[in-house]
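# Working through the structure, step by step
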Amino acid sequence: MVVKQAKFCLKSICQSSRWPCDNNTITVTISPTTELTIGATITLKGFVGALAETGAIQLSSDRDDHLHFQPSASDTSKGFGTWNNAANAKTLTLVVGKALDCSGQYTFSFTVKNPTDRNQCRQISISSRASNGQVLIAESAMTVKSGCDVMCVDDPVFTVKHIQQSTAAPCCENVIQ
């Protein structure tokens with residue numbers, strides 16, 4: 001008998017906005033091949049350029065039963081993760097507050113702010129550890145949904161380019177709009 005290593009058989013990620021300084025909702029769908037018990041952590045990292053306050057970050061989902069996460073083992077607020085905004089980190093850590101079933105599918109979102117300038121697309125990784133620190137699911141790259149990049153931010157541009165004057169006559173008061 002061969003037992004395969006535990007993994008996330010589904011680990012997709014997508015962003016909502018490519019605009020500089022815009023709120024960017026990141027949507028994540030995961031499905032573990034093993035049960036993740038209460039106290040286990042899931043870490044998503046690599047969100048270079050993303051901006052959010054370090055600390056608890058609210059999660060949302062169309063289905064309340066997908067919000068099995070809390071910011072820490074001691075803070076049991078349902079539907080939150082912990083964001084680390086340190087320049088070399090940019091990670092989201094989720095503490096499992098209600099066991100995730102083997103092969104169950106869970107979708108949640110969180111919002112960060114895009115950087116002010118162009119940002120290259122980023123490879124986001126995911127991993128999971130037991131409450132004692134033992135690796136449950138080794139770090140691996142997330143799958144980006146087709147046509148949906150992560151932390152890709154376009155160059156800033158003017159979206160409205162219009163100027164007019166009230167008169168072209170010389171020596172007259174002229175209002176520029």
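These remarks concern the structure in this document. (Residues numbered from 1 in each chain as written. Predicted model: local features only at pLDDT ≥ 70, side-chain atom pairs only at ≥ 80, totals over all residues. Heavy atoms only, no water.)

## A closer look at the pattern of salt bridges
What counts is decided by this rule: Between Lys or Arg on one side and Asp or Glu on the other, a salt bridge is scored when a side-chain nitrogen of the former is within 4 Å of a carboxyl oxygen of the latter. Helical segments are the DSSP runs of H or I of at least four residues, strand segments are the runs of E of at least two, and each set is numbered from the N terminus. Burial classification: accessible surface area is computed with a 1.4 Å probe over protein chains only, and a residue below 20% of its type maximum counts as buried, one above 50% as exposed, and the rest as partly exposed.
As enumerated under the stated definition, the model contains four salt bridges in all. Salt-bridge contacts for arginine 18 lead to aspartate 149; the nearest nitrogen and oxygen are separated by 3.0 Å. One end of the pair, arginine 18, is in the loop between strand E1 (8-15) and strand E2 (23-32); the other, aspartate 149, is in the segment after strand E11 (143-144), and 131 residues separate them in sequence. Judged by its relative accessible area of 32%, aspartate 149 is partly exposed. Among the salt bridges present, the one from arginine 118 reaches aspartate 155, with a minimum N-O distance of 3.9 Å. Taken together, the residues arginine 118 in the loop between strand E8 (106-113) and strand E9 (125-129) and aspartate 155 in the segment after E11 connect sequence positions 37 residues apart. In this structure aspartate 155 comes out as partly exposed when scored by relative accessible area, which is 41%.

## Thoughts on the nonpolar core
Condition: Within this scheme, the nonpolar core is defined by two criteria: the residues are buried Ala, Val, Leu, Ile, Met, Phe, Trp, Tyr or Cys, and they are joined through side-chain atoms within 4.5 Å. Any two residues whose heavy atoms approach within 4.5 Å at even a single point are treated as in contact.
Among the nonpolar cores identified, the biggest contains 32 residues, and Ile42, Leu44, Phe47 and Phe110 are the most heavily contacted of them. At the level of secondary structure, the elements contributing two or more residues to this core comprise E1, E2, strand E3 (41-45), strand E7 (91-96) and E8. In terms of residue count, the dominant contributor to this core is E8 (four residues). Among residues more than four places away in sequence, those in contact with leucine 44 are Val28, Lys90, Thr91, Leu92, Leu94, Ile124, Ser125, Ile126 and Met142.

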